[in-house]
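Structural overview
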Amino acid sequence: PLDVAAIAHFAAAEDARSRVSSCCGPQPLDTLAPPLRSKVLLRNIVLSELWDPTTTEEQMRGWADAGWFSLRDFEDWLPLRKKWPVYDTDEFFNTTLRTESPVLLLNGDIDAQTPLWSAIHEQSSAHGAGGATLLTWPDAVHYTALNTPVKGGGEPCSLTTIVAFLSNPHDEAAWKNPDCRQRLLGIDFRGDPSLNQELWGTP
């Protein structure tokens, strides 16, 4: 009963949830998220390249009902697919990455949206200068560029790594093992008491 009450409180705490950024805790307004996502771009790519046109509404309901959690965010996709101006794929569609530039992949080891095995597969199939490097972030979830906080505050460690890599990909020591990796914050299952109270109804 206490679990049910906490989940019900969380579902109703819409204002509190809207103020919580995935990377930086409570904010007056989450100004980081909107520029980093586009529903139109997402649908354009998925409906053009990834969508199975034989998918039925019954199948989609079944997938949603079978999940532990489901927001049913994709219920509009089936009618959209019938009228969306999908683009034709080019010669690079569904091929492996080939480039003369260095390639760096970043993935959290507890990322449920893009599991680590998928990053390992991408690393093994990518063909870059000197191969592809995969850096795994402990206790990190999706979008490591923002979700690798460090002790004492400061820029997320993965973001620091990206900057170092783009500045000089040949200086491997600077981006493979930056100082911030020694200061990564692990998962804190206790959370912040005041935020817990606001989100879950209990500290």
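Described below are features of the structure shown in this document. All figures in this text were calculated on a predicted structure; none of them were measured in a lab.

1. Topic: the environment of L116
Here L116 is to be found in helix α6 (residues 116-125). Overall, L116 belongs to the partly exposed group, its relative accessible area being 25%. When the C-alpha positions of L116 and T136 are compared, they lie 8.1 Å apart, and in sequence the two are 20 residues distant.

2. Describing the nonpolar core
L104, L135, W137, A140, V150, C157, A164, F165, W175, C180 and L184 form the largest nonpolar core, which has 11 residues in total. Listed by contribution, the elements that provide at least two residues to this core are β4 (132-137) and α7 (157-167). With three residues, α7 is the single largest residue contributor to this core. Apart from the residues lying within four places of it in its own chain, the contact partners of C157 are W137, T148, V150, P178, C180, R181 and L184. Core analysis: the second largest hydrophobic core is formed by eight residues, L47, W77, L78 and L80 among them.

What counts, and where the lines are drawn
Residues numbered from 1 in each chain as written. Predicted model: local features only at pLDDT ≥ 70, side-chain atom pairs only at ≥ 80, totals over all residues. Heavy atoms only, no water. Helix = DSSP H or I, 4+ residues; strand = E, 2+ residues; numbered from the N terminus. Buried < 20%, exposed > 50% of the residue type's maximum accessible area, 1.4 Å probe, protein only. Core = buried A, V, L, I, M, F, W, Y, C linked by side-chain atoms within 4.5 Å. Contact = heavy atoms within 4.5 Å.

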